[in-house]
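A look at the structure
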Amino acid sequence: MHLEGQATNREEMPARMIRHHFTVDVEEYFHAAALEPWVSPHEWGSRESRVDESTDVLLKLLDEAAVRGTFFVLGWLAERRPGLIRRIAAGGHEIASHGWAHRRVETLHPLDFRESIRRSKRCLEDLCGEEVVGYRAPNFSIGPHQHWALDILMEEGYLYDSSVFPVRRPGYGYPGAPRDPAWVKRPGGAILEFPPATLRVMGVNLPAGGGAYFRTLPEGLVHRAFEGAQRRRVPGTFYIHPWELDTGQRILAETPLVRLRHYRGLGRTEGRLRRLLGTFGFRSIRETVSENELQPAIRTSRIPEGLENRPGLPSRPGRPGLR
Ligand SMILES: [Zn+2]
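Our subject in this report is the structure included herewith. (Residues numbered from 1 in each chain as written. Predicted model: local features only at pLDDT ≥ 70, side-chain atom pairs only at ≥ 80, totals over all residues. Heavy atoms only, no water.)

**Digging into the environment of A225**
By the secondary structure assignment, A225 is in helix α7 (residues 219-231). Judged by relative accessible area, A225 falls into the buried class, the value being 3%. For the pair formed by A225 and T198, sequence separation is 27 residues and the distance between their alpha carbons is 5.6 Å. Excluding its chain neighbours within four sequence positions, the residues that come into contact with A225 are A197, T198, L199 and A208. (Helix = DSSP H or I, 4+ residues; strand = E, 2+ residues; numbered from the N terminus. Buried < 20%, exposed > 50% of the residue type's maximum accessible area, 1.4 Å probe, protein only. Contact = heavy atoms within 4.5 Å.)

Dropping the structure here:
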């Protein structure tokens, strides 16, 4: 099965006007995917909260660059740090959903997924007074076997998703999915997909659009991913987490993989962000979605049959995400 889509209006968008997407997954350092095996959700409530300070650094950087971004907020966190979410919204940034309890989509039964995106949407809308229209799954966990999640997102009133990472990586990724923003047609309608920026090298997509790749790859490679999107006249999507600026966080695990994915390069993040923001134009995904020129694509029948209908629902798995 393949995820295909209709590329959005690239011919209508001159390169000089391209503004990429600056996105933040708002969660605590102990929610991070690399630490999942070491921190049980039952311990979350007793851990030190550090998200305010590093999010404020991000807000200041964005303010200095006059950029409004998209903040995908974890519902669990919004319930505990309402002042932080209001502060982000007051800065003119888009508030979107990162689900409720940071569980990967492949570990959720569709009923639990629906509850997670419904509950977080409601909570965030109550806090910021604006409709929440975007979603990003923890660990970009909508892959070839989670198309049903796109259907549920549409049914629950989401207009776009940013959970499909068109790369091949152990444990995640969706090789063959579109690299650029695309409409994805499903039996019940269409949803916009905004994948993180990638580099294409010898026919293979390589991740370069944020997170650990942003901290550990040569800076020029990350910039090349956005230059490439600019040449293709589409916005690229950048992502970062507040904890990636937090050099004072307690070390929770010390395997080589965790050191690489979670702790390496934390001290570089702020400088690299300044240079990224100084080099490219950015805005929120909502701004792109609400642009007039995107609207005709919704109305026309040019949207291709992108995904096969998947009859039935997957059986309810155990809870491997909760360890
Ligand atoms: Zn996350």
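Next comes the rest of the write-up.
**A closer look at the coordination of the zinc ion**
Here the zinc ion is held by E27 (OE), H98 (NE2) and H102 (NE2), and the distances to it run 2.0 to 2.1 Å. Within one chain, the residues donating to the zinc ion are spaced in sequence as E-x70-H-x3-H. Here H98 lies in the loop between β4 (94-97) and α4 (110-128) and E27 lies in the loop between β2 (20-26) and α1 (51-64), a separation of 71 residues in the sequence. Take E27 and H98: they sit in the same class, and that class is buried. (Donors = N, O, S within 2.8 Å, 3.2 Å for Na, K, Ca; no water.)

**Section: the packing of aromatic side chains**
Evaluated as defined, the whole model comprises 19 aromatic pairs. Judged by centre distance (6.0 Å) and plane angle (70 degrees), the rings of F226 and F282 are edge-to-face. Taken together, the residues span a long stretch of sequence, with F226 in helix α7 and F282 in strand β12 (residues 282-283) at a distance of 56 residues. By the burial criterion, F226 is buried, and F282 matches it. Following the ring pairs from residue to residue traces out a cluster consisting of F22, F214, F226, F238, F280 and F282. Sitting above the plane of the W100 ring, R119 keeps its charged end 3.8 Å from the centroid. Above the face of the Y158 ring, K121 is positioned so that its terminal group lies 5.8 Å from the ring centre. (Phe/Tyr/Trp six-rings, centres within 6.5 Å; stacked < 30°, edge-to-face > 60°. Lys NZ or Arg CZ within 6 Å of the ring centre and 35° of its normal.)

**Quick notes on a nonpolar patch on the surface**
Together, V201, M202, V204 and L206 give the surface a local cluster of nonpolar side chains, amounting to about 380 Å² of exposed area. Structurally, V204 can be placed in strand β10 (residues 204-207). By relative accessible area, which is 44% here, V204 ends up partly exposed. (Patch = residues over 30% accessible without salt bridge, like charges linked within 9 Å, V, L, I, M, F, W, Y side chains within 5 Å. Areas by Shrake-Rupley, 256 points an atom, 1.4 Å probe, with all protein chains shown as cover. Salt bridge = Lys/Arg side-chain N within 4 Å of Asp/Glu carboxyl O.)

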